[in-house]
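A closer look at the structure
Listed here are the chains, written in short residue letters.
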Amino acid sequence: MKTGSVDRGGYAITYEMAGDGPDVVFAHALGLDRQIWDDVAYHLPDHRTIRIDMRGHGRSGVPDGPYSMGGLIADTEAVCDALDVRDAVFVGLSVGGMIGQGLAVKRLDMLRGLVLSNTAAKFGQPGPWQERAALVRKQGMKAVADMTLEKWFGPKDRDGAAATWARERLLQCDPEGYAGCCEAIAGTDFYSPTSGLRLPTLGIAGDRDGSTPPDLVRETVELIPGAEFKLMRGSGHLPCLDAPSDYARLLYGFFRTIGHV
Ligand SMILES: O=C(O)CC1=CCC(=O)O1
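Before going into details, it helps to say that this report is about the structure given with it. (Residues numbered from 1 in each chain as written. Predicted model: local features only at pLDDT ≥ 70, side-chain atom pairs only at ≥ 80, totals over all residues. Heavy atoms only, no water.)

Moving on, we get to the site of the ligand. All residues in the neighbourhood of the ligand are listed as A29, L30, S94, V95, F123, W129, R132, K151, W152, I185, S211 and H237. In the model, an oxygen atom of the ligand is placed 2.7 Å from a nitrogen or oxygen of the S94 side chain. With respect to the ligand, the side chain of R132 contributes an N or O atom lying 2.9 Å from an oxygen atom. The protein chains hide 98% of the 280 Å² of surface that the ligand would expose on its own. Mapped by element, the contributors of at least two residues to the shell around the ligand are α4 (126-139) and α5 (142-157). Of the residues that constitute the shell around the ligand, the class distribution is seven nonpolar, three polar and two charged. (Near = heavy atom within 4 Å. Polar contact = N/O pair within 3.5 Å; in protein donor to acceptor, adjacent residues only side chain to side chain. Areas by Shrake-Rupley, 256 points an atom, 1.4 Å probe, with all protein chains shown as cover. Helix = DSSP H or I, 4+ residues; strand = E, 2+ residues; numbered from the N terminus. Nonpolar A, V, L, I, M, F, W, Y, C, P; charged D, E, K, R; others polar.)

Quick look at the side chain of E16 now. Among the structural elements, E16 can be located in strand β2 (residues 12-18). Here E16 falls in the buried class, since its relative accessible area comes to 7%. Within polar-contact distance, the side chain of E16 engages the side chain of R34 at 3.0 Å. Setting aside anything within four residues of it in sequence, one finds E16 in contact with M1, K2, T3, R34, D38, T49, I50 and R51. (Buried < 20%, exposed > 50% of the residue type's maximum accessible area, 1.4 Å probe, protein only. Contact = heavy atoms within 4.5 Å.)

If you want it as structure tokens, here you go:
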């Protein structure tokens, strides 16, 4: 396993890389970090897994916001170029799935397949994202933790081990990094560019996900002709934490269908 970083002129983007074999690149959700993928990557020992900390998150640098989605995509592209990523499957969850859609539009040469997990082409209207950014800048991450956990896990599961871990990470997130990414989400509508994508795609949703409900994920992946859709029963917004081995099995099934093994 190797941890490294790529200088982006004023801040660095950190990644962790493990294994050997076809490339799989992972992008995480808002307020969390690359470690949401650790258990899934453990189940993929015959692939080179690259887990990236988004700008403002985890061990990556925290430039002042607002950020743009184009900037988050360029950070990811820079890491992939530095590691000579080729023919990869990109697995993006939530805002990580937006980054995946944008990267596929920009750098189809880099990708062999796309996994759009618990994500959307557009996350609602800009106003609530701008308000959320202002709230965390003023009051810190505590101001959004309960509301977020409730949507991610639902009332029944919000005290379980996965939710407890996610809460800790969320509270540790830098408010400026979180707010900057909220502003990037506010300005993003990928319906049109994603409709133009032509590459093997798998959509994954959780039937208990209150942030990106199954119908929203399905609507997004159906923009891409031939995309598959899988529903994980009993999972919320973060199935990679709720059920990592089932999640890795879905990925592996997709890899097999596209010869990425
Ligand atoms: O935090 C949320 O409400 C859900 C979400 C949207 C983008 C993301 O990464 O998480």
